[in-house]
Number of protein chains: 2
Amino acid sequence: MEERHATEPVFVLVTPQLGENIGAAARAMWNFGLSRLRLVAPRDGWPSPEAGATASGARAVLDRVGVFPDTGAALADLSHVFACTARPRELTRPVLTPEAAMAEARTLTGQGARVGILFGPERAGLINDDVARAQAIVSVPVNPAFPSLNLAQCVGLLAYEWGRQGSAQPALAMSWGSTEAAQGAEVDSLAARLERELEPAGYFWPEDKAEGMRRNLRAMLARFGLTRADVQTLHGVVRALVRDKPRGGPRGRAR
Amino acid sequence: MEERHATEPVFVLVTPQLGENIGAAARAMWNFGLSRLRLVAPRDGWPSPEAGATASGARAVLDRVGVFPDTGAALADLSHVFACTARPRELTRPVLTPEAAMAEARTLTGQGARVGILFGPERAGLINDDVARAQAIVSVPVNPAFPSLNLAQCVGLLAYEWGRQGSAQPALAMSWGSTEAAQGAEVDSLAARLERELEPAGYFWPEDKAEGMRRNLRAMLARFGLTRADVQTLHGVVRALVRDKPRGGPRGRAR
């Protein structure tokens with residue numbers, strides 16, 4: 001079944017030790033729409049109950065997993081392989097960021113190429129012979145003081161980069177909730193109400209600053225991006241604040 | 001101690017359930033150089049042996065963790081808060097990708113602002129009252145068919161975006177291993193050797209294609225990015241292939 005998705009990269013985990021990590025890797029892949037997972041000689045055999053438990057809603061990925069006796073067999077039908085490794089290697093290879101690697105993977109799969117991303121086992125990482133099978137190295141820009149990435153985290157970052165680059169989600173969008181934005185006249189009317197209440201309280205003082213203070217107040221209300229409900233709320237707030245307060249005559253700062 | 005790192009965002013986990021996830025979150029943060037973690041009412045109390053075990057080399061992050069009774073207390077000294085949530089909300093807020101959110105966080109912390117990233121508990125995610133405390137929402141571009149991100153994975157993605165945007169790692173660099181790149185004359189000499197051996201074998205045939213075939217061969221060798229050791233290896237390969245072979249007279253295709 002796996003072979004239906006020729007436009008996706010295949011993620012290959014070499015001798016993973018913990019079923020939990022295999023499950024977490026499958027879950028992270030499927031979070032970003034990737035479903036082609038291969039295992040090379042998983043330490044505790046296959047299938048794995050722990051993997052199934054950790055995969056949560058991504059069990060379909062595990063059901064289609066390909067299991068291979070060695071790395072060569074797992075990569076046999078792939079034309080372009082990227083090896084994830086943190087350690088510097090005695091190998092001559094281009095070294096890409098996850099971002100650049102997944103951009104390249106998108107280009108290649110778009111041209112019909114069969115792309116693989118190779119991940120080493122927990123703790124030890126990929127052996128040199130496996131890295132040597134790859135045409136390029138992926139190096140995650142980690143804290144040099146603590147470069148050891150959890151296997152599923154590393155899979156998740158690569159899957160995220162794949163998904164991010166194919167996503168149509170805008171960098172910044174507004175969510176307006178279910179309420180309507182207030183119209184200009186409604187905000188103006190709220191501002192006028194505020195000024196009317198603040199005037200007798202002596203807020204606009206000293207007089208040579210009063211015009212600037214009024215302008216600031218209106219600019220602030222405009223900046224809030226008020227909804228119609230907000231405007232009603234603020235009218236209520238102002239009403240409650242001034243209730244039973246004696247009118248007329250300067251107060252506040254002017255006292 | 002936490003307060004020394006004013007130029008880092010604070011990651012706030014609201015009522016996390018599993019110590020393992022707190023530890024994995026700390027590890028993922030420290031992988032990308034982040035160390036300011038706060039917990040709001042962790043379900044199983046604090047400290048957590050499970051968190052320590054999962055944090056691996058990032059225990060220093062756990063040692064400095066701040067624990068707060070409620071979300072308000074955890075955010076009290078922060079000026080800008082981003083809430084990570086997958087579900088659409090009945091709230092009026094800007095919605096950012098992780099990339100845009102962390103770019104914004106870098107700008108803000110660079111200006112001395114105190115920035116927080118808010119994460120909800122496993123399964124349920126953030127409640128509306130907590131999201132309402134944030135000025136902006138972060139939405140990871142997930143597979144709509146399976147949007148449920150593991151807590152530590154979500155923390156890891158945000159930490160990765162922080163680290164990626166501050167990283168000086170070039171998108172693509174070459175690793176040349178420890179051997180020296182071959183010089184032009186060495187590659188030329190290998191090409192000449194090859195041609196010399198291929199000529200009597202009738203490889204450059206038909207004659208009107210011969211010039212193009214020679215050019216292709218040299219272009220291919222140049223593309224390989226050969227090291228000096230590669231050149232020696234290939235000389236040996238050619239030598240071995242032609243050993244004890246009768247010389248002279250067309251062979252191969254010409255037979």
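Along each chain, residues carry numbers from 1 onward, in the same order as the chain's sequence is written. The order in which chains are written sets their letters, starting at A; the order in which ligands are written sets their numbers, starting at 1. The model is predicted, so local features are restricted to residues of pLDDT at least 70 and side-chain atom pairs to those at 80 or more, both for listing and for counting; the totals for chains, interfaces and linings are taken over all residues. With hydrogens and water excluded, all non-hydrogen atoms of the structure serve as input to the side-chain values.

Strands are runs of DSSP state E lasting at least two residues, helices are runs of H or I lasting at least four, and both sets are numbered from the N terminus onward. Scanning chain A from N- to C-terminus turns up ten helices and eight strands. Taken over C-alpha atoms, the radius of gyration is set against a globule rule of 2.2 Å times the number of residues to the power 0.38. On C-alpha atoms alone, chain A measures out to a radius of gyration of 30 Å, which is more than a quarter above the 18 Å that the 2.2 N^0.38 rule sets for 255 residues. Taken along the three principal axes of its C-alpha coordinates, chain A extends 90 × 35 × 35 Å. When accessible area is computed with a 1.4 Å probe and restricted to protein chains, residues below 20% of their type maximum are described as buried, those above 50% as exposed, and intermediate ones as partly exposed. Scored against the burial criterion, the 255 residues of chain A give a buried share of 47%. Considering only contacts in chain A between residues 6 or more positions apart, those separated by 24 or more positions represent 83%. On chain A, roughly 12500 Å² of surface is accessible, and the fraction owed to carbon and sulfur atoms is 54%. In this tally, Lys and Arg are treated as positive and Asp and Glu as negative; His is ignored, and so are the chain termini. Charged groups are reduced to one reference atom each: NZ for lysine, CZ for arginine, CG for aspartic acid, CD for glutamic acid. The average position of the 30 basic charges and that of the 27 acidic charges among the side chains of chain A differ by 8 Å. Any two residues whose heavy atoms approach within 4.5 Å are treated as being in contact. Surface accessibility follows the Shrake-Rupley procedure with a 1.4 Å probe radius. Residue values consider only the protein chains on display as shielding.

Turning our eyes to something else, we now look at the domain arrangement of chain A. Structurally, chain A comprises domain 1 (10-165) and domain 2 (184-242). Each domain's extent was defined by an automatic or database domain assignment. Inter-centroid distance (C-alpha atoms) of domain 1 of chain A to domain 2 of chain A is 58 Å.

Counted as salt bridges are all cases of a side-chain nitrogen of Lys or Arg within 4 Å of a carboxyl oxygen of Asp or Glu. Scanning the entire structure with this criterion turns up 28 salt bridges over all chains. For R38(A), the salt bridge identified is with D77(A), shortest N-O distance 2.9 Å. You can see R38(A) sitting in strand 2 (residues 37-40) and its partner D77(A) sitting in the loop between helix 4 (71-75) and strand 4 (80-84), a full 39 residues away along the chain. For D77(A), a relative accessible area of 33% corresponds to the partly exposed category. Here the residues in one salt-bridge network are E99(A), E161(A), R164(A), E99(B), E161(B) and R164(B), joined through shared partners.

Time to look at the packing of aromatic side chains. Geometry of aromatic contacts follows a simple scheme: Phe, Tyr and Trp rings, the Trp one being its six-membered ring, pair when their centres are within 6.5 Å, and the pair is stacked under 30 degrees between planes, edge-to-face over 60, tilted otherwise. Under the criterion given, the structure shown has seven aromatic pairs over all chains. With centroids separated by 6.1 Å and ring planes inclined at 85 degrees, the aromatic side chains of Y160(A) and Y160(B) adopt a geometry described as edge-to-face. Residue Y160(A) is located in helix 7 (residues 151-166), and its partner Y160(B) is located in helix 7 (residues 151-166); the two belong to separate chains. Since its relative accessible area comes to 0%, Y160(A) is described here as buried.

Once that is clear, we can look at the relation of the copies chain A and chain B. Copy-to-copy superposition: least squares on the C-alpha atoms, limited to residues that have pLDDT of at least 70 in both copies. Superposing chain A onto chain B requires a rotation of 180 degrees together with a translation of 0.2 Å along the rotation axis, leaving an RMSD of 0.2 Å. Look at the turn and shift together and you get a two-fold axis relating the two. Both copies present the same face, since 100% of the interface residues in chain A are matched by interface residues at the equivalent positions in chain B.

Right, let's talk about the layout of surface pockets for a bit. Residue and element names in this part refer to chain A. The method works on a 1 Å grid over the protein atoms by themselves. A cavity is a set of points holding a 1.4 Å probe that cannot get out, a pocket is an open set with protein on both sides within 12 Å along at least five of seven lines, and residues with an atom within 4 Å of a point line them. Grid points are joined across faces, edges and corners, and a volume is the space filled by probe spheres set on the points. In this structure, the second largest pocket occupies an estimated 220 Å³ of space. At the level of elements, strand 4, strand 5 (92-96) and helix 5 (98-110) are the ones that each hand at least two residues to the lining of the second largest pocket. Only Asp, Glu, Lys and Arg are considered charged in this grouping, and only Ala, Val, Leu, Ile, Met, Phe, Trp, Tyr, Cys and Pro are considered nonpolar; every other residue, Gly among them, is considered polar. When its residues are assigned to classes, the lining of the second largest pocket shows seven nonpolar, two polar and one charged.

Okay, the environment of A136(B) next. Tracing the chain through its elements places A136(B) in strand 7 (residues 136-138). Residue classification places A136(B) among the buried positions, given a relative accessible area of 8%.

With that settled, consider the packing of helix 7 of chain A against helix 7 of chain B. The angle between two axes is taken between their N-to-C directions and runs from 0 to 180 degrees, where each axis is a line fitted to C-alpha atoms and a helix contributes only its stretch in contact. Interaxial distance between helix 7 of chain A and helix 7 of chain B falls to 10 Å at its minimum, and their mutual angle equals 65 degrees. As judged from the angle between their axes, helix 7 of chain A and helix 7 of chain B are roughly perpendicular. Helix-helix and strand crossings are classified by hand; for helix 7 of chain A and helix 7 of chain B the assignment is right-handed. Together, A152(A), Q153(A), G156(A), L157(A), Y160(A), E161(A) and R164(A) of helix 7 of chain A and A152(B), Q153(B), G156(B), L157(B), Y160(B), E161(B) and R164(B) of helix 7 of chain B make up the contact between the two elements. Looking at the contact of helix 7 of chain A with helix 7 of chain B, its residues break down into six nonpolar, four polar and four charged. Small angles under 35 degrees read as roughly parallel and large ones over 145 as roughly antiparallel, with 65 to 115 read as roughly perpendicular and the rest as oblique. In this scheme the handedness of a crossing depends on how the near helix is turned from the far one: anticlockwise by less than a right angle means left-handed, clockwise means right-handed.

All names here are of chain B. Any helix carries an expected span of 1.5 Å times its number of residues minus one. Taking 1.5 Å of rise per residue, the 15 residues of helix 10 (residues 228-242) would be expected to cover 21 Å, and the 22 Å separating its terminal C-alpha atoms lies within 8% of that figure. Residues V231, H235, V238 and V242 constitute the buried set of helix 10. When helix 10 is viewed along its axis, its buried side chains cluster within an angular range of 65 degrees and face the same direction. Turned more than 90 degrees away from the buried face of helix 10, the exposed residues are Q232 and L241. For helix 10, the elements touching its buried residues are helix 8 (184-198). What the arc covers is the set of directions going from the helix axis to the C-beta atoms.

What follows is about the interface of chain A and chain B. Counting from both sides, the interface comprises 53 residues of chain A and, opposite them, 53 residues of chain B. The term buried area denotes the loss of accessible surface (1.4 Å probe radius) that occurs when two parts are joined, taken as the sum for both partners. Roughly 4100 Å² of surface becomes buried between chain A and chain B when both sides are summed, with 53% attributable to carbon and sulfur atoms. Looking at the side of chain A facing chain B, the largest losses of area belong to N31(A), F146(A) and Y160(A), adding up to 16% of the total buried there. Run the count over chain A and chain B and you get four salt bridges. Close ionic contact of R164(A) with E161(B) constitutes a salt bridge, the shortest N to O distance being 3.6 Å. Here a polar contact is taken to be a pair of N or O atoms separated by no more than 3.5 Å, where protein atoms must pair a possible hydrogen donor with a possible acceptor and residues adjacent in sequence count only if both atoms sit in side chains. Here chain A is connected to chain B by 22 residue pairs in polar contact (both at pLDDT 80 or more). Ranked by residue count, the leading element in the side of chain A that touches chain B is helix 7 of chain A, at seven residues. Of the residues that constitute the side of chain A that touches chain B, the class distribution is 27 nonpolar, 19 polar and seven charged.

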